[in-house]
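Chains, contacts and geometry: an overview
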Amino acid sequence: GRAMAVFTSGGDSSGMNSAVRSVVRMGLYLGCKVYFIYEGYQGMIDGNEYIKEADWNAVSDIIQRGGTIIGSARCKDFTDRSGRLKACKNLVDRDITNLVCIGGDGSLTGANLFRQEWPELIQELVNQGKITPEKANKCPNIQIAGLVGSIDNDFCGTDMTIGTDTALQRIMEAVDAVVSTAQSHQRAFVIEVMGRHCGYLALVAALASEADFCFIPEWPPPTNWREILCEKLAHSRSMGQRLNIVIVAEGAIDREGHKISSDMVRDVVANNLGYDTRTTVLGHVQRGGNPSAFDRLLGCRMGAEATIALMEMTPESEPCVISIDGNQIVRVPLMECVFRTKAVQKAMDELDWELAVKLRGRSFQRNLD
Ligand code: F6P
């Protein structure tokens, strides 16, 4: 059978373990030799004990665990060609020509670059006498299938990324807890949620918690947002509401592209309305904990499809991303998704909000509407 490897890269997310499990078991079922690569790209570069064969039982009892049991890293060495050369050697030594990369857009972009360079890297290893020409012929290229693991739901081309639903669940539990204390003291709370440059978590959390206001990077508030915010909060209070909840995405900006921080929002509310106002930054609580049923199933379905996709690929096949599109698991060209994801950031940098929202895609747009 063919040899394949699975690794997780970038920020961890709940449901990655389910995806790893599914890749391993589908791989074994199809007769492949399956390897774990520990600690993301760093393990691929370091080789040795970081690349280990996986068996059926190695992935027992992990479907319910948060994070990733094979470790993850944001790896600088892989951005250098010398790092990628070492990684290539470590894979070729084990005849690994199929990779499942579970990570965010940075990790998947790195995988694509690796594949483009692969023939050159192989040639260089032959020239340096580090591998034999026969070995090189066995590994003419590397096939890649990507799975998007990220709590941010910031990747274009899939309706949901693995881990977003669980993070949302964590956020809801936290907001509900804050609400109960806020209402007792008639306080206002500004709650900051993760998402780097993406407002999905903030937007959906605000809808699901009936927050009074929400700040996200893709749709910044009008320039007079301070007045609008205060009017809205005061109106809720005048209708008998005892508390206020404002959700701020960590990447929130104004229409000029300047950061809107949760402390700024708190000061606006406290200074203009005189409410006792507190800030709660949820932080990494959002990334931890057991995956929701949705993320377990998403990991399972995507992992299985990634493995099947790899087995159907030829050395000429372009890398693909496994995505969920209207509840169907489909394959999409990796680079198309990466370009679109980068285009969102460019649109935001150029203050073109309509375009940013359009590019974010259906699941984002519908919630914003
Ligand atoms: O991409 C996931 C994420 O949790 C973002 O929401 C956040 O901006 C970032 O990772 C935090 O990264 P780190 O855990 O490396 O500080």
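Residues numbered from 1 in each chain as written. Predicted model: local features only at pLDDT ≥ 70, side-chain atom pairs only at ≥ 80, totals over all residues. Heavy atoms only, no water.

1. A few points about the overall build of the protein chain
Definition in use: A helix here means a DSSP run of H or I that spans at least four residues, while a strand means a run of E at least two residues long, and both kinds are numbered starting from the N terminus. We compute the radius of gyration over the C-alpha atoms and compare it with the globule rule, which gives 2.2 Å times the number of residues raised to the power 0.38. The classification of residues rests on relative accessible area computed with a 1.4 Å probe and restricted to protein chains. Under 20% of the type maximum is buried, over 50% is exposed, and intermediate values are partly exposed. Residue contacts follow a heavy-atom distance rule, with two residues in contact if any of their heavy atoms lie within 4.5 Å. Accessible areas in this description were obtained via Shrake-Rupley with a 1.4 Å probe; residue shielding takes into account the shown protein chains only.
Helices and strands together make up the secondary structure of the protein chain, namely 13 helices and 11 strands. For 369 residues, the compact-globule formula gives about 21 Å, and the C-alpha radius of gyration of the protein chain, at 23 Å, lands near that figure. Per-residue burial for the protein chain yields a buried fraction of 56% across its 369 residues. A separation of at least 24 residues holds for 75% of the contacts in the protein chain among residues at least 6 apart in sequence. A total accessible area of about 15500 Å² is found for the protein chain, and carbon and sulfur atoms account for 49% of it.

2. Examining the UniProt feature "active site" (unreviewed entry) in the protein chain
What counts is decided by this rule: UniProt positions are given in the numbering used here, feature names are shortened, and annotations may be inferred rather than shown by experiment.
Within the UniProt annotation, "active site" (unreviewed entry) is assigned to Asp152. Structurally, Asp152 can be placed in the loop between strand S5 (143–148) and helix H6 (164–185). For Asp152, a relative accessible area of 9% gives the class buried. Each residue touching Asp152, except ones within four places of it in the same chain, is listed here: Thr164, Gly195, Arg196, Cys198 and Tyr200.

3. Examining helix H9 (residues 262–273)
What counts here: To estimate the expected span of a helix, subtract one from its residue number and multiply by 1.5 Å. Here, the arc refers to the directions that run from the helix axis to the C-beta atoms.
With 12 residues, H9 should cover 16 Å at 1.5 Å per step; its first-to-last C-alpha distance of 16 Å lies within 8% of that length. Considered for burial, the residues of H9 that qualify are Ser262, Val265, Val268 and Val269. Relative to the axis of H9, the buried residues are bounded by an arc of 125° and lie together on one face. Looking at the buried positions of H9, the neighbouring elements they touch are strand S6 (188–193), strand S7 (213–215), helix H8 (225–238), strand S8 (244–249) and strand S9 (277–281). Positioned one or two residues after H9, Gly274 has a phi angle of 75°, which is positive.

4. Re the site of the ligand
The condition is simple: What makes a residue near a molecule or strand is one non-hydrogen atom of that residue sitting within 4 Å of it. The term polar contact refers here to a pair of N or O atoms within 3.5 Å; inside protein, the definition further demands a hydrogen-donor-capable atom paired with an acceptor-capable atom, and it admits residues adjacent in sequence only when both atoms are side-chain atoms. Amino acids are sorted into nonpolar (Ala, Val, Leu, Ile, Met, Phe, Trp, Tyr, Cys and Pro), charged (Asp, Glu, Lys and Arg) and polar (every other residue, Gly among them).
All residues in the neighbourhood of the ligand are listed as Arg74, Ile151, Asp152, Met194, Gly195, Arg196, Glu250, His284 and Arg287. One nitrogen or oxygen atom from the side chain of Asp152 is found 2.8 Å from an oxygen atom belonging to the ligand. With respect to the ligand, the side chain of Arg196 contributes an N or O atom lying 3.3 Å from an oxygen atom. Taken by itself the ligand offers 400 Å² of open surface, and the protein chains cover 73% of this. Residue composition of the shell around the ligand, by class: 2 nonpolar, 2 polar and 5 charged.

5. Describing the packing of helix H1 (residues 16–29) against helix H10 (residues 293–312)
Keep this limit in mind: To define axes, lines are fitted to C-alpha atoms, for helices over the stretch in contact only, and angles between the resulting N-to-C directions are given on a 0 to 180 degree scale. Helix crossings fall into two classes, left-handed where the near helix is turned counterclockwise from the far one by less than a right angle and right-handed where it is turned clockwise.
Running from amino to carboxyl end, H1 crosses H10 at an angle of 35°, the nearest separation of the two axes being 7 Å. Both H1 and H10 take part in a crossing whose hand is right-handed. Here H1 contributes Ser18, Ala19, Arg21, Ser22, Val23, Met26 and Gly27 to the contact with H10, which in turn contributes Asp295, Arg296, Gly299, Cys300, Gly303, Ala304, Thr307 and Ile308. Looking at side-chain class alone, the contact of H1 with H10 contains 6 nonpolar, 6 polar and 3 charged residues.

6. Comments concerning the nonpolar core
Going by this rule: Buried residues of nine kinds, namely Ala, Val, Leu, Ile, Met, Phe, Trp, Tyr and Cys, make up a nonpolar core once their side-chain atoms join them within 4.5 Å.
Counting residues in hydrophobic clusters, the biggest one holds 60 residues, and the most contacted among them are Phe36, Val100, Leu147, Ile191, Ile245 and Ile247. Ignoring anything within four residues of it in the chain, the contact list for Phe36 reads Val6, Val20, Val24, Tyr50, Ile51, Lys52, Ala54, Ala58, Val59 and Ile70.

7. Regarding the sheet that holds strand S11 (residues 328–333)
Definition in use: We call two strands paired when DSSP finds no fewer than two bridges between them.
As summarised here, the arrangement of the 7 strands in space is S3-S2-S1-S4-S5-S10-S11, forming an open sheet in which the pairing is mixed. For this open sheet the edge positions go to strand S3 (51–53) and S11, each flanked by a neighbour on one side alone. Averaged over neighbouring strand pairs, the angle between their axes works out to 30° when direction is ignored. Bridge count between strand S4 (residues 96–103) and S5: 6 bridges; the pairing is parallel. Its bridge partner lying in S5, Cys101 is registered against Gly146. Those strands touched by helix H4 (residues 105–127) are S4, S5 and strand S10 (320–325), and its axis lies near 160° from that of S4.

8. A closer look at the packing of H6 against helix H7 (residues 200–208)
Pairs of packed helices are described in terms of their axes, by the angle between the two and the distance that separates them. Where we set the bar: By definition in this entry, angles of less than 35 degrees are roughly parallel, angles greater than 145 are roughly antiparallel, angles of 65 to 115 are roughly perpendicular, and the rest are oblique.
Between H6 and H7, the least distance of the axes is 10 Å, while the angle of their chain directions is 50°. Between H6 and H7, the interaxial angle falls into the category oblique. Pair H6 / H7 crosses with right-handed handedness. Contacts from Thr164, Ala167, Leu168, Ile171 and Met172 of H6 reach H7 at Tyr200, Leu201, Val204, Ala205 and Ala208. Looking at the contact of H6 with H7 residue by residue, the classes come out as 9 nonpolar, 1 polar and no charged.

9. Quick look at the pattern of salt bridges
Defined as follows: Counted as salt bridges are all cases of a side-chain nitrogen of Lys or Arg within 4 Å of a carboxyl oxygen of Asp or Glu.
Across all of its chains, the model carries 19 salt bridges by this definition. Notably, a salt bridge pairs Arg287 with Asp12, separated by 3.0 Å at the nearest N-O pair. Highlighted residues: Arg287 in the loop between S9 and H10 and Asp12 in the loop between strand S1 (3–8) and H1, separated in sequence by 275 residues. Note on Arg287: relative accessible area 18%, which makes it buried. With its nearest N and O atoms 3.7 Å apart, the salt bridge here joins Arg65 to Asp61. One continuous salt-bridge network, built from bridges that share partners, spans Arg81, Glu120 and Glu124.

10. Quick look at the sheet that holds S7
In space, the 4 strands of this open sheet follow the order S7-S8-S6-S9, with parallel pairing throughout. At either end of the open sheet lies a strand with only one pairing partner, and these are S7 and S9. Across the sheet, the axes of successive neighbouring strands diverge by a mean angle of 20°, strand direction being ignored. Two elements, S6 and S9, share 5 bridges in a ladder whose sense is parallel. Looking across to S9, one finds that Ile191 is bridged to Thr280. Sheet strands touched by H6: S6, S8 and S9. Its angle to S6, the strand with the most contacts, is close to 165°. Here H9 sits on the sheet and contacts S6, S7, S8 and S9; the angle it forms with S9, its principal contact strand, is near 165°.

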